[in-house]
Amino acid sequence: MQKPAKIVVLLTTYRLVHTRHGGQIRSAQVAKALLRAGFTVVALAIADAENCSRAHLGPHDIFFPPDSGYRLVHGVKAPYANDYLSGLYAASDEDAYRRICAALPSRIDAIILEQPWMLPVAQRLRADRHVGLLVYDAQNNETA
């Protein structure tokens with residue numbers, strides 16, 4: 001009997017569809033390499049609604065709404081902190097977290113964080129379900 005494929009979740013702050021910049025390209029290449037190696041890959045981005053259209057989202061991606069209270073730092077909009085704030089939004093907003101959980105399998109063998117911003121989400125997932133490894137990936141390996 002064949003063992004089920006290991007499940008890897010890629011958590012990012014940007015989409016992996018129609019990639020344009022280094023982090024997007026790097027994460028898309030990591031996903032492709034994992035798929036070729038026989039892993040099941042679930043990519044999930046908390047994408048900035050102000051910089052991305054719905055047509056460029058992957059099937060599990062979630063928008064970080066432009067009117068979210070999580071975009072504020074001490075009551076002031078902080079557009080240059082969106083990556084950091086999107087992780088807080090995804091882990092703390094109950095609707096966003098519910099949608100993340102609905103998109104992910106109950107067993108996750110590894111979570112790969114592209115940059116540290118989704119760490120609060122990974123920590124909450126680890127508290128709620130079985131998650132194996134937690135991997136931090138921010139190396140410049142776009143050509144892999």
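The rules behind the values
- Residues numbered from 1 in each chain as written.
- Predicted model: local features only at pLDDT ≥ 70, side-chain atom pairs only at ≥ 80, totals over all residues.
- Heavy atoms only, no water.
- Helix = DSSP H or I, 4+ residues; strand = E, 2+ residues; numbered from the N terminus.
- Expected span 1.5 Å × (residues − 1).
- Buried < 20%, exposed > 50% of the residue type's maximum accessible area, 1.4 Å probe, protein only.
- Contact = heavy atoms within 4.5 Å.
- Pairing = 2+ DSSP bridges.
- Axes fitted to C-alpha atoms, helices over the stretch in contact; angles between N-to-C directions.

Its 15 residues give helix α1 (residues 22–36) an end-to-end C-alpha distance of 21 Å, which sits within 8% of 21 Å, the value for a rise of 1.5 Å per residue. Taken together, the buried positions of α1 are Gly23, Gln24, Arg26, Ser27, Ala28, Val30, Ala31 and Leu34. Where α1 is buried, its residues contact β1 (7–12), β2 (40–48), β6 (107–114) and β7 (130–137). Phi for Gly38, located one or two positions after α1, is positive at around 95°.

With parallel pairing, 5 strands are arranged side by side in an open sheet as β3-β2-β1-β6-β7. Looking at the sheet topology across the chains shown, the edges are occupied by β3 (62–64) and β7. On average, each strand axis in the sheet is tilted by 20° relative to the strand beside it, whichever way the strands run. Its contacts with the sheet put helix α4 (residues 119–128) on β1, β6 and β7, and the angle it makes with β7 is roughly 165°.

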